[in-house]
Amino acid sequence: MRKVAVIALGCPKNTVEAEYLLGILENKGYILTNNTLEADIVIIHTCSFIKDARIESENRIKEILELKSEKDLKVYVSGCLPQLLKEEFANSFPGVDGFTGTGELSRITRLMARKNKTGKLLLKPGGLNDSKFRLLSSPLPFAYLKIAEGCNHNCSFCIIPSLRGKYVSRTVSSLADEAKALSDSGVKELIIIAQDTTSYGKDLYNRFVLDKLLAKLAKIEELKIIRLMYAYPSSVTDGLLDVIKEYDNICKYMDIPIQHASKNVLANMKRPLNTVKIIEKINKRVPDIVLRTSLITGFPGETERDIKELERFIKQGYFQYAGVFEYSGQKEAPSFKLKNRVDLEKAKERKIFIENAQYEVFKKKAGVLKNKKIEFMAESCKKSGGRYIVSGRSFFQAPEIDGNIIIRSKKPVNLGGFYSAEITGNEGYDVTAKFKV
């Protein structure tokens, strides 16, 4: 009966895999702990999608290995980083007791049971796509539902296909069962994720069926909010937009990473060249939809003209939110071989330039929202100076990336409860409000 701590780094997809790991470990009789100081075993589930994520993962491994030098501790590393660097990575951290890549996570307990370090590296691309065991890592009233694993696109900046393999959808029935179990456990907001959510079902049903899945999930009464993330532009169908319009508990919200607006840059990225038209179609068919996107500045070959074109597109106001990242050139990605590299400082300058343009758009949209009545879900309530600072989110805010609804209240609220409020303004990307009288 040994104590295990699992550290999940990176994106929500890694969070879900870590929750499956927690369930598997508990089922095998391990005692789970959040405290690495009291753990006998630490598993670090890594990310390597961008350079900063790789650095974070490596630093956390070093930190845990320092702890190992002070106490009897077993350390295992899983996920994208060992999958990417393989033996090179294992040799860099000889103090780690075992490694498993993305496709053999379910075998980690076998790895932990080995008495020696022979064959301590398990590598096969893929992912822990589902499990009959899942233990939520947070008491918050939202959870992620990973509907597929892998990716069939060949974006030149991306290493996901080599890490995660070809696109593999879960069945509609398995996802509906997991969604129902999550709702029965108290989850009120379900966030749909995958490397590419809008390609869901093509491998199983020979057509895109995300609309059919969402319609089925929307019938689970306990789910008050269903949110769609990581939509690939060219797979957004009219049927999907119709379903978003039809069901009240499917958010009029979509995260659709476009990466850029210049056809020159999109061609070098090997991304769809009709992105602008797709965004215009979404806004036309669902006029009240809130869109978020992700953008890359400083991609090889990007010119001042390209960045101005991106700025003009951003200023049209299609997106309420945008995450902007300077290009992270990983040598394993095809784009690493492209010529006309952009200086890192220039890429950072362009990042700030686009962020500022997007924030001006957000401020205008926040101004339009002023005095509007909204419903929000309370997630935090802390007493401060005789009042309560209530924090939550409305339909137009995804967790951890889009800001929060902030209310200063005389009374506490129930976490996970839904409340009516009136928007009063904004503080950065947070939206301020007051309870509706």
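Whatever comes next refers back to the structure up there.
This section reports on the structure supplied with the text. Everything quoted here is computed from the prediction, not taken from an experiment. Numbering of residues starts from 1 in every chain and runs along the sequence as written. The predicted nature of this model means local features are confined to residues of pLDDT at least 70 and side-chain atom pairs, given and counted, to a pLDDT of 80 or more, with totals for whole chains, interfaces and linings taken over all residues. Water and hydrogen atoms were dropped before computing side-chain values, which therefore reflect all heavy atoms in the structure.

Re the environment of Ser199
Cut-off, in case you're wondering: Helix and strand definitions follow DSSP, with helices as H or I runs of at least four residues and strands as E runs of at least two, each counted in order from the N terminus. Only protein chains enter the calculation, and the probe is 1.4 Å; a residue is then buried if its accessible area is under 20% of its type maximum, exposed if over 50%, and partly exposed in between. Note on contacts: a residue pair qualifies if any of its non-hydrogen atoms lie within 4.5 Å across the two residues.
The topology assignment puts Ser199 in the loop between strand S10 (189-193) and helix H7 (202-205). The class of Ser199 is buried, set by a relative accessible area of 9%. Separated by 36 residues in the primary sequence, Ser199 and Ser235 have C-alpha atoms spaced 5.8 Å apart. Not counting the four nearest positions on each side in its chain, Ser199 is found in contact with His153, Tyr167, Phe208 and Ser235.

Description of the packing of helix H8 (residues 210-217) against helix H9 (residues 238-246)
As a reminder, the rule being used: In this analysis an axis means a line fitted to C-alpha atoms, helices contributing only their contacting stretch, and an angle means the value between N-to-C directions, from 0 to 180 degrees. Each angle receives one of four descriptions, namely roughly parallel if under 35 degrees, roughly antiparallel if over 145, roughly perpendicular if within 65 to 115, and oblique otherwise. By convention the crossing between two helices is left-handed if the near helix lies anticlockwise of the far one by an angle smaller than a right angle, and right-handed if it lies clockwise.
At a minimum axis distance of 8 Å, the contact between H8 and H9 shows a crossing angle of 20°. Considering their axes alone, H8 and H9 lie roughly parallel with respect to each other. Taken as a pair, H8 and H9 cross one another with a handedness that is left-handed. In this structure, H8 contributes Leu210, Asp211, Leu214 and Ala215 to the contact, and H9 contributes Gly239, Leu240 and Val243.

A short note on H9
Going by this rule: The directions from the helix axis to the C-beta atoms are what the arc is built from.
Regarding H9, the residues found buried are Leu240, Leu241, Val243 and Ile244. Buried residues of H9, seen end-on, are gathered within an arc of 160° and therefore sit on one face of the element. Elements in contact with the buried residues of H9: H8, strand S11 (225-228), strand S12 (250-255) and helix H11 (275-285).

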